[in-house]
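Letter by letter, the chains look like this.
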Amino acid sequence: PKTIYLSEYRVPAYLVDSVDLTFELFEEGARVHSVLSVRRNPDSDAGPAPLELDGDSLKLESLALDGKTLDEGAFEDLGDRLVIPGVPETFELTVVTWIEPQNNTRLEGLYKSSGMFCTQCEAEGFRCITYFPDRPDVMSRFRTRIEAEKSAYPVLLSNGNDVDRGDLADGRHFVTWEDPFPKPCYLFALVAGDLVEKRDSFTTCSGREIDLRMYVEPRNAEKCDHAMDSLKRSMRWDEDVYGREYDLDIFMIVAVDDFNMGAMENKGLNIFNSSCVLASQETATDMAFQRIEAIVAHEYFHNWSGNRVTCRDWFQLSLKEGFTVFRDASFSADTGSPTVKRIEDVTLLRTAQFAEDAGPMSHPVRPSSYMEISNFYTLTIYEKGAEVVRMIHSLLGPDMFRKGSDLYFERHDGQAVTTDDFVRAMEDASGRDLSQFRLWYEQAGTPVLDVSDEFDASAGIYRLTIRQSIPDTPGQSNKQPQHIPFAMGLLGAQGQALPLRLRSGDTDAPLERVLELTDAEHTFEFHGLDERPVPSLLRHFSAPVRVSYPWTREQLQFLMSHDPDGFNRWDAGQRLAVDVIQGLVGNPDEDAIDSRLVDAYRQLISDSSLDQALVAKMLQLPSEAYLIELSEAADAPAIHAARERVLKRLATALRDELVACYNRNHQSGPYRVTPEQIAGRSLRNTALSWLLLINDDEGRELASQQFRAADNMTDRMGALRALVNSDYEADRERVLSEFYERFRHDPQVVEQWFSVQAASGQAGRLPQIRALLEHEAFDWKNPNKVRSVIGAFAGQNLAEFHKPDGSGYEFLAEQVCRLDDSNPQIAARLVTPLTRWRKFAPSYGEQMKAGLEKVRDKAGLSRDVYEVVHKSLA
Ligand code: HT7
Ligand code: ZN
């Protein structure tokens, strides 16, 4: 496959001002008529170049220029491109293609999911529908007519406003849609199906009435309220916080079962993976409710950050994704608990994005090359990209940041632009120089901050020295220092926050500062201190970096209870737990654990005056994946065993406190998704899972009762998970089969049922995983099912996946090969765990590598998997 380079970007030679599409939908395929108004791009220096159109898996039926049919000699079909030489300066091109949505298992372009037609065009799916310049800097006005059999497809949707509809012969009908906003073709969408409509409305800040519509299969009609409510709150928030008003008269959301990612922000017609939009108390966990709210907000926010202002090319993907993740994270922080939201985001970043950044696919937030763009919808583009925007926010402050975003939207409305344009708007609005800051977009790798300190007691000066370095990554070495906002504070022996005097005699010194690191090394002096302080570093995780500082366990325990920054209180607890667990890895005879950890956890569990949402997070031990990320030559089963031992020790020592915590958090009254209730359920379910780990009979009874009596999925799933992971084999079998019988008709719940088993060391041994693949509810064509079994096994059931005999790796390689033929995007994502082979001890790493080699050698490997596997083996 060919590599595409940012340096080779050229403006398009031709622009398409308008597109008139007609879709004739049939069971045996679809005919697509497309009429393009094309003109030479005045900004292009390509002159009278041939017109080049992208195409993928299309059958061309006819091609006409200004009404005259072009026969075969008049154009060249290069397989993935149609080249038409000698075209005039402006012309109308008519293209008719035949496609087979019913056989489209890649889920790119137009395909069928549970009997309905739907589309996914980002990044390059539109070329699977018709020949077109499929690049985001070609923006056109779309008019779309859809024709289909009326009884099977009563609902026909596309972008914009419905301007015409009517009946046709043979029981068919049509609807025509017009989108007044020019858009790149990746934002095109079509849906045709037998769907129920849920309606609501929203009055914008300028008094316009927007029609809100959700379309779902009839069986899901009762699962729309939460998404609709989230949508209305997102619309209000974007007006209040960013001054952004919705622009069309209709906003539609559709739920589809087969979808490669979470959702898609098509203009006025967002399409969602069912699991990311449908929820009811009985079928969705608290986590799912929160995820739905965040994704609905994310897709809605794209209407401005992505649709009105879009990307010039796919190297700029983080322009819309990083900014929009930052926006949805701020929204979630404002609607729930900001500290908890930050903890969740940082956990993902440190566990998975840091691993990606240190692995073979490491790339900058603005990559400079790719083979397959679908492989670049990564945690680096999304999560690190959001951190980069967050740092701009913290360097500029909220008011200047808002001025910058206003300028960005105003200056670039209707344009396709770059990350550099975004930073320039921030600079121009604030007067700040962000030239060094731009390195965050260009340099890959996670910066490391080595922090050391000394206290000069006689002068009352505390010196903090911070050295930054950025590790080499594929294709990049000897990196330049980056501009890093480093928030910090100092604590006195009684836990009091100390004034941060950078000069002696500083009056009014703040209790927290954001230090700006720009050089490879800085030393900061803090004056007027009577005693050596305890430093609280990188508060709120003010930059996506690794901090290394020689904390003692006493200091960590102290910060856990005294740091005024909730995030750092949590972080201190994580560091203490990591230290204790790491001390036990490879030490199977060591039975005792540090009493400081037990004491700290006892206090957390018992003191109900603490913020319970934070406590619920603090009680979660660092995950196995995070512990692996922190190790050099990781031994996953040893890490798993050490972590389990710590959990069991804690559970044994705190058994009575856990029962009390369980009982104290019993909830009466109606189920609500509030931070308080979420915290209560989380604490209760954590207590339950710990009790079952030590085979506590009372815990077992409580779990069975909770499983039976739960009125919501969080509690039912909490009990199910605890029992499935326990040694009570008969209970495990019983609850698994009861659960399946109850929810077998609900695909989203069956997905949860699959993953609870696949992620379990008890229920997810390899033969059991293979049995799940044979289960009546498993469907290879449905990405959610694939992720819930194979993804959960390789990503969460780490002791089984990393079995020393290599069987887990062989299994994954086999499934990736199988999926590569039907859905390369999913196959390329699924192979990720094997790509980390260099992170593991050689006895594991070599076998992981062998798995990758097996995939590499598969005949007819897709470009998606080719890129990931070859880069990982290089
Ligand atoms: N912008 C959307 C990206 C997306 C996607 C990309 C590749 C293949 C399938 C896809 N489905 C959706 C999602 C988002 O970030 O909002
Ligand atoms: Zn997005």
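Residues numbered from 1 in each chain as written. Chains lettered and ligands numbered in written order. Predicted model: local features only at pLDDT ≥ 70, side-chain atom pairs only at ≥ 80, totals over all residues.

## Details of the overall build of the protein chain
Summing up its helical and strand segments, the protein chain has 27 helices and 32 strands in all. Judged by the C-alpha coordinates and their principal axes, the protein chain covers about 90 × 65 × 60 Å. Out of the 874 residues in the protein chain, the part that is buried amounts to 49%. Contacts in the protein chain between residues far apart in sequence, at least 24 positions, make up 70% of those at least 6 positions apart. (Helix = DSSP H or I, 4+ residues; strand = E, 2+ residues; numbered from the N terminus. Buried ≥ 20, exposed ≤ 12 C-beta atoms within 10 Å, placed from the backbone. Contact = placed C-beta atoms within 7 Å.)

## Overview of the site of ligand 1
As a matter of local geometry, ligand 1 sits amid 15 residues, with Glu122, Asn260, Met261, Met264 and Tyr377 nearest to it. Of all the elements in the fold, those that place two or more residues in the shell around ligand 1 are β20 (263-264) and α2 (286-301). Among the residues making up the shell around ligand 1, the classes are represented as 5 nonpolar, 6 polar and 4 charged. Taken domain by domain, the makeup of the shell around ligand 1 includes at least three residues from each of domain 1 (4-194) and domain 2 (310-442). (Near = placed C-beta within 6 Å. Nonpolar A, V, L, I, M, F, W, Y, C, P; charged D, E, K, R; others polar. Domains from an automatic or database assignment.)

## Thoughts on the UniProt feature "domain: Peptidase M1 alanyl aminopeptidase Ig-like fold" (unreviewed entry) in the protein chain
Here, UniProt's "domain: Peptidase M1 alanyl aminopeptidase Ig-like fold" (unreviewed entry) annotation points to residues 445-549. Its end C-alpha atoms 20 Å apart, residues 445-549 is made of 0% helix and 43% strand. (UniProt positions renumbered as here; feature names shortened; annotations may be inferred.)

## Things to note about the domain arrangement of the protein chain
Domains assigned within the protein chain are domain 1 (4-194), domain 2 (310-442) and domain 3 (454-550). With centres defined by C-alpha atoms, the gap from domain 1 to domain 3 works out at 55 Å.

## Examining unusual backbone geometry
Put simply, Glu122 and Ala123 share a cis peptide bond, and its omega is -5°. Unlike most non-glycine residues, Asp66 shows phi in positive territory, near 45°. In this fold, Asp66 is placed in the loop between β5 (59-65) and β6 (68-69). Of note, His540 is a non-glycine position whose phi angle comes to about 55°, a positive value.

## Concerning the nonpolar core
Membership of the largest hydrophobic core comes to 245 residues, with the highest contact counts inside it found for Val191, Ala192, Val254, Ile271, Leu723, Val831 and Val865. No other element matches the 10 residues that helix α5 (residues 379-412) contributes to this core. In this structure Val831 touches Val816, Val855, Val865, Val868 and Val869, once residues within four positions along its chain are discounted. (Core = buried A, V, L, I, M, F, W, Y, C linked by C-beta atoms within 7 Å.)

## Digging into the packing of helix α9 (residues 566-584) against helix α10 (residues 595-606)
Orientation of α9 relative to α10, taken along the N-to-C sense of each, is 145°, at an axis distance of 10 Å. For α9 against α10, the interelement crossing comes out left-handed. The residues of α10 that touch α9, namely those facing Gly573, Leu576, Ala577 and Val580, are Arg596, Leu597 and Ala600. Looking at the contact of α9 with α10 residue by residue, the classes come out as 5 nonpolar, 1 polar and 1 charged. (Axes fitted to C-alpha atoms, helices over the stretch in contact; angles between N-to-C directions. Left-handed = near helix turned anticlockwise from the far one by under 90°.)

## Points about the sheet that holds strand β26 (residues 461-469)
Whenever strands of a sheet pair, they do so through backbone hydrogen bonds, lying parallel or antiparallel. Here we have 4 strands laid out as an open sheet, ordered β30-β26-β25-β32, and mixed in their pairing. With partners counted over all chains shown, the strands left at the sheet margins are β30 (521-526) and β32 (546-548), one partner each. Neighbour-to-neighbour, the strand axes of the sheet open up by a mean angle of 20°, direction not taken into account. Where strand β25 (residues 448-456) and β26 come together, 9 bridges link them in antiparallel fashion. By the bridge assignment, Val451 is partnered in β26 with Ile466. (Pairing = 2+ DSSP bridges.)

## Here's the deal with the sheet that holds strand β10 (residues 109-113)
Strand order across the open sheet formed by 4 strands is β10-β11-β16-β13, with antiparallel pairing between neighbours. Among the strands making up the open sheet, the edge pair consists of β10 and β13 (155-158). Here the strands of the sheet are splayed against their neighbours by 20° on average, with no regard to which way each runs.

## Regarding the pairing of strand β9 (residues 90-99)
As paired strands, strand β3 (residues 29-40) and β9 are joined by 10 bridges and run antiparallel to one another. Bridged to Ser37 within β9 is Glu92. Both β5 and β9 contribute to a ladder of 6 bridges, which runs antiparallel. Its bridge partner lying in β9, Lys59 is registered against Trp98.

## Describing helix α13 (residues 636-653)
With 18 residues, α13 extends 26 Å from end C-alpha to end C-alpha; this agrees with the ideal 26 Å at 1.5 Å per step. The complete set of buried residues in α13 reads Ala636, Ile639, His640, Ala642, Arg643, Val646, Leu650 and Ala651. Buried residues belonging to α13 abut α9, α10, α12 (624-630), α14 (655-664), α15 (675-693) and α22 (798-801). (Expected span 1.5 Å × (residues − 1).)

## Details of the environment of Pro550
Examined against the element boundaries, Pro550 turns out to sit in the loop between β32 and α8 (553-562). Note: C-alpha distance between Pro550 and Ser452 (98 residues apart in sequence) is 7.7 Å.

## Digging into the pairing of strand β27 (residues 484-491)
Here β27 lies mainly inside the structure; 7 of its 8 residues are buried. Where β27 and strand β29 (residues 513-517) come together, 5 bridges link them in antiparallel fashion. Across the sheet, residue Phe486 finds its bridge partner in β29, namely Leu515. With 3 bridges joining them, β27 and strand β31 (residues 534-536) adopt antiparallel strand pairing. By the bridge assignment, Leu490 is partnered in β31 with Pro535. The pairing of β27 with strand β28 (residues 497-498) spans 2 bridges and is antiparallel.

## Some details on the packing of α8 against α9
It is at 7 Å that the axes of α8 and α9 come closest, and there the two elements cross at 145°. Taken as a pair, α8 and α9 cross one another with a handedness that is left-handed. Contact with α8, carried on its side by Arg553, Leu556, Gln557, Leu559 and Met560, involves Asn568, Arg569, Ala572, Gly573, Arg575, Leu576 and Asp579 of α9 and no other residues of that element. Among the residues making up the contact of α8 with α9, the classes are represented as 5 nonpolar, 3 polar and 4 charged.

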